[in-house]
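Single-letter residue listing:
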Amino acid sequence: MSGSNIIVTDDAQALYVRGAEEIAHFAGEAICTHGEFTLCLSGGSTPLATYELLATRFHLSVDWKEVQFFWGDERCVQPVDPGSNYGMANRAMLSRLAIRPDQVHRIRGEEPPEQAARAYEDELRTRFGVVEGEFPQFSLVLLGLGENSHTASLFPGSSAIREIERMAVAVEVDAPERHRVSLTAPVFNNAARVMFMAAGENKAQAVWNILEGPRDPEKFPAQLISPTNGELVWLLDKAAARLLS
Ligand code: 6PG
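Everything numeric in this text was worked out from a predicted model, so none of it was measured. (Residues numbered from 1 in each chain as written. Predicted model: local features only at pLDDT ≥ 70, side-chain atom pairs only at ≥ 80, totals over all residues. Heavy atoms only, no water.)

(A) Representation of the sheet that holds strand β4 (residues 73–75) within the structure. If you trace the three strands from one edge of the open sheet to the other, you get β4-β7-β6, paired in antiparallel fashion. In this open sheet, the two strands that pair with only one neighbour each are β4 and β6 (168–172). Adjacent strand axes in the sheet meet at a mean angle of 20°, parallel and antiparallel pairs treated alike. Pairing geometry for β6 and strand β7 (residues 179–183), over five bridges, is antiparallel. The residue bridging Ala168 from the neighbouring strand is Leu183, located in β7. Running at roughly 25° to β7, helix α4 (residues 113–128) makes contact with β6 and β7 of the sheet. (Pairing = 2+ DSSP bridges. Helix = DSSP H or I, 4+ residues; strand = E, 2+ residues; numbered from the N terminus. Axes fitted to C-alpha atoms, helices over the stretch in contact; angles between N-to-C directions. Contact = heavy atoms within 4.5 Å.)

Next comes the structure, spelled out in C-alpha cells:
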C-alpha cells in the first residue's frame, strides 16, 4: 500500500499522545477550512487514553463546539454497558467536554441491529445532506486493528466487507458482543483522512498483513481501507511496527 503515511512512536504511551496531537491538528485544519470537524471515532481499547488526553491535556487545543462526533462501529449493547463504544468515548472524553447533545451522533446499540444500522444511515444522510448512493465525507475517521486484521466491525469472511451500497450494516462477528453495527468500507474510503492506531507486539502480524502482506481483503479486511481522495495515516508503536520492512 504505497502512499500511506506511517508514524512509529517509541511505545504505546507516546502513541496515545501523538494520536491526540494529530487529532487536534486535523481538527484545527478542518474547522479553519470548513467551519466544522466531523470525527468518526473507533472503539476497542487502543483509543481510550487518547480520548482522555483530548479531554484533559489537549482540551484547549480544539474548538469543541465545532466538532461533530460519529462512530465507525458499535456493539449491540446498552450505551452504559462497559462494551459500548459510545459508552467508552463518553466516559473518557465526551462527558468531560462542554459540548451540546446535538454534536453527538451515536449508533443506537440498544436497538435491534438492522434497525440501528438503518437509523444511522438516515442520520448520516440528514447530517451530511447526502442522498441514496452518495456517501458522507468525514473530516477524520479513526480506526483500530484487530489481531485477526479486522477493522471497525468488518471481520474476515463477513459479507459486510463486500458491501458497496449501504453506509451501515448489521453484522454478527466471532468476538465478544457478537451483534454489532458497522460502517462500510466505501464510507471510510470517502473520508478526508483515515488514521489507524495500533500498539503492541500482538498487533505486529496484523499490521504486516495489511501493509505488506498479499492482497486478500476477505482474510485481511483492513486492506479495504484506502481513501479515494483522502489521506491515510498509520500510527503505530515500535512493537506493532516490528515486522515492517
Ligand atoms: C470494536 C472496534 C474494533 C477495534 C479493534 C482493535 O468495536 O471492537 O471498533 O475494530 O478497533 O478490535 O481493538 P483494541 O483497540 O481493543 O485492540
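(B) Quick look at the layout of surface pockets. For the largest pocket, the calculated volume is near 460 Å³. In this structure, the largest pocket is lined by 26 residues; those nearest its centre are Gly44, Ser45, Arg75, Leu145 and His150. Here the residues of the lining of the largest pocket sort into seven nonpolar, twelve polar and seven charged. Considering only enclosed or pocket space, the second largest pocket measures out at about 260 Å³ in volume. (1 Å grid on protein atoms, 1.4 Å probe; cavity = no way out; pocket = protein on both sides within 12 Å on 5 of 7 lines; lining within 4 Å. Points joined across faces, edges and corners; volume = space filled by probe spheres on them. Nonpolar A, V, L, I, M, F, W, Y, C, P; charged D, E, K, R; others polar.)

(C) Highlighting the pairing of strand β3 (residues 67–71). Within β3, five of the five residues are buried, which leaves it mostly tucked inside the rest of the structure. Summarising the sheet, strand β2 (residues 37–41) and β3 pair through five bridges and their orientation is parallel. Within β3, the residue paired with Phe37 across the bridge is Val67. Of the crossover connections in this fold, the one passing from β2 over helix α2 (residues 48–55) to the parallel β3 is right-handed. (Buried < 20%, exposed > 50% of the residue type's maximum accessible area, 1.4 Å probe, protein only. Right-handed = clockwise from strand over helix to strand, strands pointing away.)

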